[in-house]
Each structure stands twice: as structure tokens, then as C-alpha cells.
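Fold and geometry: a report
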Amino acid sequence: MSIHKTVKRVTTHVLHEMKERGEKIAMLTAYDFSLARIIDAAGIDVILVGDSASNVMAGHETTLPITLDQMIYHASSVVRGTERALVIVDLPFGSYQGNSKEALASTIRIMKESGAHGVKMEGGEEVIESVRRILTAGVPVMGHLGLTPQSIYKFGTYTVRATEEQEAEKLITDALALQEAGCFALVLEKIPSALAGRVAQEVKIPVIGIGAGPQVDGQVLVLHDMLGINKEFSPRFLRRYENLYDSIFSAVTSYTSDVKRSDFPSASESY
Ligand code: KIV
């Protein structure tokens, strides 16, 4: 029997065991109570309260504007909707890069005010001290390498990362350093499949990919993208499991028309 079906609450230890047994980890983002409740009941292993909330919830072009207070608001809503999944929260841009004390202070706020189970932060070598300091407070940390959207203005584009040997070697060194510092898992975003597979083999901690191919220990997608709420964003790695844009559009046009024709509410829908 797969362990993800037997556990009452997914923990970082459960994820490690899943990697050891070759059982894939399914992770999705969520930002609110109602959708978190559905994906938790449907058996998702990990919910990421991603700073992609800045794009999909607030309509910003990048992940940079979202604040720590806003992340805590989203995270506490998700935690209230969750019984089984491990809930991890992104440390937003500007809340951890200053120094490791700032990183720990932001993490403590997230943990105290949202009830989440851990944090994620982008970067390699440059965040190692913060990872270590956060771990001294007993908080699990997930790393994030490859395409790191908080650095978009440094990279200039959202294209595939680490296609050149030098960047690939740096990514492997960073992955090993994050493991050594104590990260319980890593996200690898938009890098070549073979490189992601190599990292997943070289580290003992679970590696979760997004646009990183199948040779990793699990996958993550942005919930609104895989549900097809957003029509414009169509990267190669995205599989759409629903077309909610059209479903919602159609429901709202029907409702509007029913209201205007005085067809809603009917007698049986009235008191
Ligand atoms: O913020 C986010 O949604 C993420 C995932 C893409 C991994 O970091």
C-alpha cells in the first residue's frame, strides 16, 4: 500500500520515505480556504502557498510585489482548509534576502500567524546561512533552484535555465549545499530534464519539479494554471486538467441572462 494513502498528515519524514520507496509526490499551489479544502480532500501531498499568488490572485506581472502580510493572509486561509497535506509557504521577495536574522523573523511570523508547516525560499549558496538559522528554530525549509522568479530582473526572461555547463554545475553545487544545510526538499523550476534527473539522483532529499521533466521525485503546478482558469499562460510543461475559464464564463453568462430575463429566481427558489 502506498504510504501517502495511509498517513493522517503528510510530514517531511513522509516525503523522505516516499522518495526512498520511489513513490511520487504530488504538490499544487493554493491561496485560499475553498480551493485548499478541495485539493486536500482529493489527496494532494503538499500544498504550496506560492508567491505566484502575486500573479494569479493579485494580477501583478511578477512575484515581487506580494508582501509578507499578504502571504500570511493567504497561508492562514489555506491552513484552515487543510487536514492532511503538508503546507509550505513561500518567503516573499524582500522578506529574507537582507540577512539570516530577517529571514528567521519573517519565517517566525509565517509560522505563528498562519499555522503552516514550513517555508520555501529561492536561491542557492547565497541563502545557506538563512536556511541554517531557520532550521535552528525547528522550521523545515524547502529550497528552490533553476528559474527563480524573484530574480526575473537579473535574468531578464522566463526561459529554460541551466542549459549551459557552467550554470548546470552551479545548480548541482547549490543543490548539494542546500541539502547539506538541512533543506528537507528542493523545487527545480524549468531546467533540462536530464539535469533535474541527475540532481534527484545525487541528493537524498525529495526533488519536486516544475518544467523539469519526469526523472524527479514529484511534480508541482500552479493550481490556477492546471485548472485552465488562465488562458494566456501556456508553457510546454503545463498540462491543463480542466478548462475552468470557459466553464466559469459560460455559467456567468447564463446567470446574467437568467437574471435579466427574470428567469431567476423561480418560485421554488423563493421564500
Ligand atoms: O510560487 C509558486 O507558485 C512557486 C511554484 C511555481 C514552485 O514557487
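Below is a summary of the structure that appears in this document. Everything numeric here is computed off the predicted structure, so don't read it as measured data.

Comments concerning helix H10 (residues 193-202)
Of all the positions in H10, only Leu 195, Ala 196, Gly 197, Val 199 and Ala 200 are classed as buried. Structurally, H10 contributes buried residues whose contacts are with helix H2 (12-21), helix H9 (165-181), strand E6 (185-189) and strand E7 (207-210).

Topic: the site of the ligand
Near the ligand the following residues occur: Thr 29, Leu 48, Gly 50, Asp 51, Ser 52, Asp 90, Lys 120, His 144, Val 187, Glu 189, Ile 210 and Val 222. Notes on the ligand: free accessible area 260 Å², of which the protein chains cover 95%. Looking at side-chain class alone, the shell around the ligand contains four nonpolar, four polar and four charged residues.

Structural notes on the packing of aromatic side chains
Scanning the model with the defined rule gives two aromatic pairs in all. Arranged with centres 6.2 Å apart and planes meeting at 15°, the rings of Tyr 245 and Phe 249 form a pair that is stacked. Of the two residues, Tyr 245 and Phe 249 are both situated in helix H12 (residues 244-260); the distance of four residues between them amounts to about one turn of the helix. The residue whose ring lies beneath Arg 161 is Phe 155, and the NZ or CZ to ring-centre distance is 4.0 Å.

Observations concerning the nonpolar core
In terms of nonpolar packing, the biggest core is built from 60 residues, with Ile 134, Leu 188 and Val 199 touching the most fellow members. For Ile 134, the contacting residues outside a window of four places in its chain are Leu 91, Ala 103, Leu 104, Thr 107, Val 119, Met 121, Val 139 and Val 141. If you look at the next biggest cluster of nonpolar residues, it comprises 18 residues, including Val 10, Met 27, Phe 184 and Ile 210.

Some words on the side chain of Ser 52
Positionally, Ser 52 belongs in the loop between strand E2 (46-49) and helix H4 (53-56). Using a relative accessible area of 13% as the deciding quantity, one classes Ser 52 as buried. Looking at Ser 52, its side chain comes within polar contact range of the side chain of Tyr 31, at 2.7 Å.

With respect to the packing of helix H6 (residues 100-114) against helix H7 (residues 128-136)
Two numbers describe a pair of packed helices, the interaxial angle and the distance between the axes. Interaxial distance between H6 and H7 falls to 8 Å at its minimum, and their mutual angle equals 45°. Relative to H7, the element H6 is oriented oblique. Handedness of the H6/H7 crossing: right-handed. Only Glu 129, Ser 130, Arg 133 and Ile 134 of H7 make contact with H6, whose side of the interface consists of Ser 100, Lys 101, Ala 103, Leu 104 and Thr 107. The residue makeup of the contact of H6 with H7, split by class, is three nonpolar, three polar and three charged.

A look at unusual backbone geometry
Excluding glycine, residues mostly carry a negative phi; peptide bonds, for their part, are mostly trans. The linkage connecting Phe 264 with the following residue, Pro 265, adopts the cis geometry, with an omega of 0°. The phi angle at Ala 162 is positive, at roughly 60°, despite the residue not being glycine. In this fold, Ala 162 is placed in the loop between helix H8 (152-155) and H9. In this structure, Ser 262 is a non-glycine residue whose phi angle is positive, near 55°. Examined against the element boundaries, Ser 262 turns out to sit in the segment after H12.

Calculation notes
In this convention, every chain numbers its residues from 1, walking through the sequence in written order. Per-residue local features are limited, in this predicted model, to residues with pLDDT of at least 70; the limit for side-chain atom pairs, both in listing and counting, is 80 or more; totals at the level of whole chains, interfaces and linings are taken over all residues. By convention in this description, side-chain values take in all heavy atoms of the structure and omit both hydrogens and water. Relative accessibility under 20% of the residue-type maximum defines a buried residue, over 50% an exposed one, and the middle range a partly exposed one, all with a 1.4 Å probe and only protein chains included. Labels follow the DSSP assignment, with helices taken as runs of H or I lasting at least four residues and strands as runs of E lasting at least two, numbered in each case from the N terminus. Only heavy atoms matter for contacts: two residues are in contact if any of them lie within 4.5 Å across the pair. We define proximity as follows: a residue is near a molecule or strand when any one of its heavy atoms falls within 4 Å of that partner. Computed with the Shrake-Rupley method and a 1.4 Å probe, the accessible areas treat only the protein chains shown as cover for residues. Note on residue classes: Ala, Val, Leu, Ile, Met, Phe, Trp, Tyr, Cys and Pro are nonpolar, Asp, Glu, Lys and Arg are charged, and everything else, Gly too, is polar. Pairing of aromatic rings covers Phe, Tyr and Trp, the last through its six-membered ring, and needs centres within 6.5 Å; plane angles under 30 degrees mean stacked, over 60 mean edge-to-face, and all others mean tilted. Both a distance and an angle decide whether a charge sits over a ring: NZ of Lys or CZ of Arg must be within 6 Å of the ring centre and within 35 degrees of the ring normal. Each nonpolar core is a collection of buried residues, namely Ala, Val, Leu, Ile, Met, Phe, Trp, Tyr and Cys, held together in the definition by side-chain atoms within 4.5 Å. As used in this structure description, the phrase polar contact means that two N or O atoms lie within 3.5 Å; if the pair is within protein, one of them must be able to donate a hydrogen and the other to accept it, and residues adjacent in sequence are counted only when both atoms belong to side chains. For every element, the axis is a line fit to its C-alpha atoms; helices are fit only across the contacting stretch, and the angle between N-to-C directions ranges from 0 to 180 degrees. By definition in this entry, angles of less than 35 degrees are roughly parallel, angles greater than 145 are roughly antiparallel, angles of 65 to 115 are roughly perpendicular, and the rest are oblique. Whether a crossing is left-handed or right-handed is set by the direction in which the near helix is turned from the far one by less than a right angle, anticlockwise for left-handed and clockwise for right-handed.

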